[in-house]
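The lines below spell out each chain.
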Amino acid sequence: MKIRRQLLSASLVPVLLIHLAAAVLPDGRFHGNIVRPPGVPRVTLADPDAPVVSRNGTQLPPYSTTYLFDQLIDHNNPSLGTFKQRFWHTYEFYEPGGPIILFSPGEQNADGFSGYLTNATFNGQLAQQQNGSTIVLEHRFYGLSNPRPDLSVDSLKFHTLQQAIDDLVYFANTVNLPMPNGDQLTPDKAPWVLVGGSYTGALTSWTMVNKPDVFFAGYGSSGVVEAILDFWEYFEPIRLNMPKNCSADVHAVISHVDEVFTSDNATAIQAIKDNFGMGDMTHLDDVAGALRNNLWDWQSLQVTTGPGGQFFKFCDALEVKSGQVAPASGWGLDHALAAWGAYWRSTYLARICGKSTAEDCLGTYNVSQSFWTDTSIDNAGRSWFWIVCNEVGYLQEGAPVGHSSLVTRLVQPDYDLRQCQQMFPGAFPNGVNVQVDRTNELYKGWDVRINRLFFANGIRDPWKDATVSAAGINVPSTAEQPIGLGDGFHCSDLLTSAGNVDATVRAVQVKALASMKSWLATWKPTPIPRGTPAPQSEPAVIEQTVHQHEVKPINAFVKGAGSG
Ligand SMILES: *[C@@H]1O[C@H](CO)[C@@H](O)[C@H](O)[C@H]1NC(C)=O
Ligand SMILES: *[C@@H]1O[C@H](CO)[C@@H](O)[C@H](O)[C@H]1NC(C)=O
Ligand SMILES: *[C@@H]1O[C@H](CO)[C@@H](O)[C@H](O)[C@H]1NC(C)=O
Ligand SMILES: *[C@@H]1O[C@H](CO)[C@@H](O)[C@H](O)[C@H]1NC(C)=O
Ligand SMILES: *[C@@H]1O[C@H](CO)[C@@H](O)[C@H](O)[C@H]1NC(C)=O
Ligand SMILES: *[C@@H]1O[C@H](CO)[C@@H](O)[C@H](O)[C@H]1NC(C)=O
């Protein structure tokens, strides 16, 4: 089947909203000085409650219909029982023999990801090309998919990369999908394609390495496959791709801040703190580390954002002086320091901290704050930080001495590892020792060599240097494990809208669709591997149907419900 040229049309753009990290104001769960999670962009449809019509005209439930799957709490001890794991699903493009395309938005509440069921994303393009069905599965310990009622240290012992991998496998092997023959579509009977972005882009690779016979093919977008403790390289794609004048001036200011903050000139130190509206803050590493926020804004850029994002407002604030734009060398320290400070005092501090004081919002030493103590569910930051502290690191620090840094060198891994102890008291009695080596050994990191796994990356993605496209790593791109590198940002290649405006991103999508087409043409059913559990006997339960239109109850479509 040939790839549809219409995919290039811009007709989809008006109906979908891509939420690019809207300003997060402090609510006790936001903190302005904590390492950022990677994160797949949310793709929300304008009307997720509208009825869906399949290719032959049958009306299907709306994309917003939420289903519940009985997932094992502990894959090492099934006797602990199950919890409800949310998922979303459609079979609008499905024809018998087509693939089941499984995607998880990973480290966030999965509400608002309905675009990943449709051709607004790569997932739906693949389904449309291959007659597939799409699924969005909420990850354990995020949103409303929780094995335990809270996010306490005791509960989080079930939050590991291995449990997440095992969730995907158990889901595929046992789900009774709410569609015709939904209990006859396990990976031995239908080809499953695992798709992920960012952390779940890595999880796609880790799952195929760890459980090689379940998913027939995989697609990892911006997959951060290599766990890295001191991930100062996060800022490298930003430094190399941002406007030159802006990087020159940020470099000049940060070098100065570090020089003064490591001196004993109290007057000069106070002057810098006051310059940024952080005069009352106690810890200099918090003050200097807070300036990372302007660089973190890069992560919410997409090819569709153009130069209109928050990051560019920051560069404009530094580089445009009385209507004049600085040359590539920037304006130099004096103007840049004053302009960056004015920007913080006039708008930026309020943007990230709302009405909180700078110390409450950006200080990281007060362990009485609810940010550290609140263990209630649906707190993605806390759940992700557990994985950071235990298995992946990705600490976003200043570059080593001798390498140009846009980030203070006062922030080093110890700064974040102290936060691990503050957030999870008692969890690290012998000090925090993030098991990055174990993670890379178990799941192979950059050494992954797996058949039918496609990696898609972006040159401007801040996470690039943890992916197989990392600078200096030279993972080979082969027919069986291709690497598509476009000019995109984080996970750009998952977004149809990004392919519509950037030909290099579209080229990655086209290459992946071609690989998938040739791989899927070779798929054959296999005997059930020994020990594979039978599908769950009841079809997945509808939690709610949030649409206004009348739709047949899902059970009416399910053949063989109750058997299994
Ligand atoms: C995307 O899917 C919708 C159905 O959900 C279809 O109407 C539309 O034509 C598809 N877009 C393209 C570009 O194929
Ligand atoms: C139309 O598609 C639906 C959903 O895929 C399927 O259940 C039904 O059997 C199809 N009807 C015909 C007449 O092909
Ligand atoms: C998709 O289904 C149609 C109709 O059954 C069929 O003609 C086509 O070959 C299928 N495409 C693939 C890639 O299987
Ligand atoms: C200088 O900064 C402006 C404003 O941010 C930007 O538009 C321009 O591209 C920059 N020029 C160079 C040469 O870096
Ligand atoms: C301390 O810094 C202030 C303000 O930058 C400067 O005027 C003063 O000379 C410095 N003092 C010393 C001892 O370097
Ligand atoms: C620490 O946080 C608590 C709770 O928000 C607050 O009541 C207290 O004043 C804070 N202490 C300091 C020194 O800021």
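Here the structure is a predicted model, which is why all the values come from computation and not from measurement.

1. Focus: unusual backbone geometry
Line of reasoning, step 1. Of note, the phi angle at D378 is positive, near 60 degrees, even though the residue is not glycine.
Line of reasoning, step 2. Within the element layout of this structure, D378 appears in the loop between α12 (370-373) and α13 (380-392).

2. Thoughts on the packing of aromatic side chains
Line of reasoning, step 1. Scanning the model with the defined rule gives 34 aromatic pairs in all.
Line of reasoning, step 2. Centre to centre, the rings of W298 and F312 are 6.3 Å apart; their planes meet at 40 degrees, and the pair counts as tilted. Residue W298 is found in the loop between α8 (292-296) and α9 (310-319), and its partner F312 is found in helix α9; the two are separated by 14 residues along the sequence. Residue W298 shares its accessibility class with F312, and that shared class is buried.
Line of reasoning, step 3. Each ring, one from F311 and one from F312, has its centre 5.7 Å from the other, and the planes form 80 degrees; the classification is edge-to-face. Across the pair, exposure class does not vary: F311 and F312 are buried alike.
Line of reasoning, step 4. One aromatic cluster is present, built from ring pairs that chain together F276, W298, F311, F312, F314, W340, Y343, W344, Y348 and F489.
Line of reasoning, step 5. The aromatic ring of Y365 is capped on one face by R418, whose charged end is 3.5 Å from the ring centroid.
Line of reasoning, step 6. When the ring centre of Y415 is taken as origin, the NZ or CZ atom of R418, which lies over that ring, is 5.1 Å away.

3. Some details on the site of ligand 6
Line of reasoning, step 1. If you check the shell around ligand 6, you find N366, S368 and Q369 and nothing else.
Line of reasoning, step 2. Measuring from an oxygen atom of ligand 6, one finds a side-chain N or O atom of N366 at 2.3 Å.
Line of reasoning, step 3. When ligand 6 is considered free in solution it has 360 Å² of accessible area, and contact with the protein chains removes 32% of it.

Analysis parameters
Residues numbered from 1 in each chain as written. Chains lettered and ligands numbered in written order. Predicted model: local features only at pLDDT ≥ 70, side-chain atom pairs only at ≥ 80, totals over all residues. Heavy atoms only, no water. Helix = DSSP H or I, 4+ residues; strand = E, 2+ residues; numbered from the N terminus. Phe/Tyr/Trp six-rings, centres within 6.5 Å; stacked < 30°, edge-to-face > 60°. Buried < 20%, exposed > 50% of the residue type's maximum accessible area, 1.4 Å probe, protein only. Lys NZ or Arg CZ within 6 Å of the ring centre and 35° of its normal. Near = heavy atom within 4 Å. Polar contact = N/O pair within 3.5 Å; in protein donor to acceptor, adjacent residues only side chain to side chain. Areas by Shrake-Rupley, 256 points an atom, 1.4 Å probe, with all protein chains shown as cover.

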